[in-house]
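Topology and contacts: notes
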2 protein chains.
Amino acid sequence: MATIKDVAKEAGVSVATVSRVLNETGYVHEDTKKMVEAAIQKLNYSPNEVARSLYKRESRLIGLLLPDITNPFFSELARGVEDVLQKQGFRLLFGNSDEDPEKEQAYIHTFIQNQVVGIVSATNPAGKINYENIAIPTVFLDRASDEEYAVYADGREGGRIAAHEMIRRGSKKITILKGPTYIRPAQDRFQGALDVLAQADVEFSVVKTDAFSYQEAQKRAKGMFDLYPDTDGIIASNDLVAAAILHEALRLGKSIPDDIQLIGFDDIPLSSLLFPSLSTIKQPVYEMGKQAAQLLLKLIKKETISEQHIQLPVQFIERQTTRKVEDDG
Amino acid sequence: MATIKDVAKEAGVSVATVSRVLNETGYVHEDTKKMVEAAIQKLNYSPNEVARSLYKRESRLIGLLLPDITNPFFSELARGVEDVLQKQGFRLLFGNSDEDPEKEQAYIHTFIQNQVVGIVSATNPAGKINYENIAIPTVFLDRASDEEYAVYADGREGGRIAAHEMIRRGSKKITILKGPTYIRPAQDRFQGALDVLAQADVEFSVVKTDAFSYQEAQKRAKGMFDLYPDTDGIIASNDLVAAAILHEALRLGKSIPDDIQLIGFDDIPLSSLLFPSLSTIKQPVYEMGKQAAQLLLKLIKKETISEQHIQLPVQFIERQTTRKVEDDG
DNA sequence: TTGAAAGCGATACCAC
DNA sequence: GTGGTATCGCTTTCAA
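Remember, it's a predicted structure, so these values are computed and weren't measured experimentally. (Residues numbered from 1 in each chain as written. Chains lettered and ligands numbered in written order. Predicted model: local features only at pLDDT ≥ 70, side-chain atom pairs only at ≥ 80, totals over all residues. Heavy atoms only, no water.)

The UniProt feature table records "domain: HTH lacI-type" (unreviewed entry) at residues 2-56 of chain A. As annotated, residues 2-56 of chain A has a helix share of 71% and a strand share of 0%, and its two end C-alpha atoms lie 21 Å apart. (UniProt positions renumbered as here; feature names shortened; annotations may be inferred. Helix = DSSP H or I, 4+ residues; strand = E, 2+ residues; numbered from the N terminus.)

See below:
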């Protein structure tokens, strides 16, 4: 690999001059510029980012921390983040935390060691990790905390919509599947559903689903039908969980949506592929990723930020796990 | 951030000594070691990776290039790669290429600029990118090329199995969905299926599916049923495509697997969630990611490699889109 | 066993 | 306009 020195020698100028044409900073004669550019071409020179980072004390890297890229929700989020950052010339340093505080801490640590200019984190740590005393601009995704910058969807409203749609479609004995309490969006959805159910003329029960994963949900699904065999409406904590429920219900010979209605959360690609396809509360996942990246960019450029939190709207997607009704708003 | 200098001053020694205890290299008295460690503790010092990389001319970063992390096949692959590399203290610099040679080239370029120690690439570029003159150890995933290190599944055998299973389950008019020719594994599967069909007593036809995506496949599915309305067996180029076909078939009122049998490829998580659940040729995706990472690690450590190519076996997963038969092997 | 000093490859300040 | 050089934070000879 050629260095700036080689280029300088080749062009017969100093490294300072080469640096100037490289960064278009300061004056440099048109002719010498030409020479330098020729030398760069000839040597196929490309500046060493590491040396640059060392001097500037910051890189062109951004840390991205997710619970698990294998979860379609997070990979969609990641894509949104990447698409905007990549265009601005930033690169992603990426890690899966598995909701493990130690892993999370380790990644944050190496992010810092590598002098990232910013961090996007979608983790929901049980313990509280030290993001506070990090000088690095950080945006949280799908996770709200009052003191920090964050982008997330309106989970509470989503919960309300889900409960409302379920009730107006005639379910009388509703079961809410509640995600982990420490995961804020999950808690919000639950609260939203509760808001509506508490005021409505229906029975309901609450079942905990510890994790968001399909495997976990599959086990719970069995238990749930044992416990509440006459449930006629289920509000799942997310689409993956809903898929598990759907499978189990079908296995038990229940008719959906006639015996049981089912509403998920997220609208991951899977949801429209299920049969019957899943009615769900759609989060603008890709858009959330984009907005987080844009917010981070502003933070990095030290632009003024109008609001620390960006809350995006959710939307009911009517598919085949809920019954049709007359449109009454 | 404290630097090595600060630590040296605090401990009353030279930076060289600090460096020695940091890297456990060379002699250092037990007592001074204690002092240095105390200073490190006190200042909460952690070495700057960037400076280290600059001197060593290589980082602890590894570049990972994928077509699209949003595709469950690739996110699973990524997870396998990450899980082994992360444990060895390496971090991932990650990018989506979208099968776009320019993007791919750009990422490779920044990987080099950031002095990655290795690259894992799962892209299938139409044009030929310059990996050749890169001195950096590179392992290709899900893509075979004679001169390079690669990990992939036995696509040809997979194609054979798919065709065989389809025939022994009684399909007489089979349609093969053929992925892009320039994607080697897709071509292999196609060839494998052809191997068997050519010798069998059945009719068959071939339909091209340009991309691997669901959206693309959805369009093709319609066309396919128009063109070959009496097909009674479909071998899809992958599970995403199979899902689209399944949906379209159901929409047309076809009965599966009675009217039409369907076999996919990959066994992504989605496949078992479809209804009816998808019979498919399973690739050991996560394992492929792991093996690629392990191979890369060997390459980096300059260990001797017994074989440049690692081919992993595939396996028929019988689910509900194929008919049951007596077990005749 | 330890320290001084020369790099690694870039940037930017200060002279000229 | 251009060049010399200190500097970023670390590793590694080479002497002492």
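All names here are of chain B. Side chains Thr-138 and Phe-140 project from strand β4 (residues 138-141) onto one buried face, and the interleaved Val-139 and Leu-141 project onto a second face that is buried too. The pairing of strand β3 (residues 118-121) with β4 spans three bridges and is parallel. Looking across to β4, one finds that Ser-121 is bridged to Phe-140. Bridge count between β4 and strand β5 (residues 149-153): three bridges; the pairing is parallel. What sits directly across from Phe-140, in β5, is Ala-150. (Buried < 20%, exposed > 50% of the residue type's maximum accessible area, 1.4 Å probe, protein only. Pairing = 2+ DSSP bridges.)

Near DNA strand C you find 25 residues, and of these Ile4(A), Asn48(A), Thr17(B), Arg20(B) and His29(B) are the closest. Of all atoms in DNA strand C that approach within 4 Å of the protein, 66% are sugar or phosphate atoms. At a separation of 2.4 Å, a phosphate oxygen of DNA strand C approaches a polar backbone atom of Ile4(A). Within the side chain of Thr17(B), an N or O atom sits 2.6 Å from a phosphate oxygen of DNA strand C. Of all elements in the fold, only α2 (15-23) and α4 (49-56) of chain A together with α2 (15-23) and α4 (49-56) of chain B reach the threshold of two or more residues within the surface near DNA strand C. By residue class, the composition of the surface near DNA strand C is twelve nonpolar, nine polar and four charged. (Near = heavy atom within 4 Å. Polar contact = N/O pair within 3.5 Å; in protein donor to acceptor, adjacent residues only side chain to side chain. Nonpolar A, V, L, I, M, F, W, Y, C, P; charged D, E, K, R; others polar.)

Another aspect to go through is the domain arrangement of chain A. Partitioning chain A into structural domains gives domain 1 (4-47), domain 2 (61-153 + 286-313) and domain 3 (155-282). Using only C-alpha atoms to locate each centre, domain 1 of chain A and domain 3 of chain A end up separated by 63 Å. (Domains from an automatic or database assignment.)

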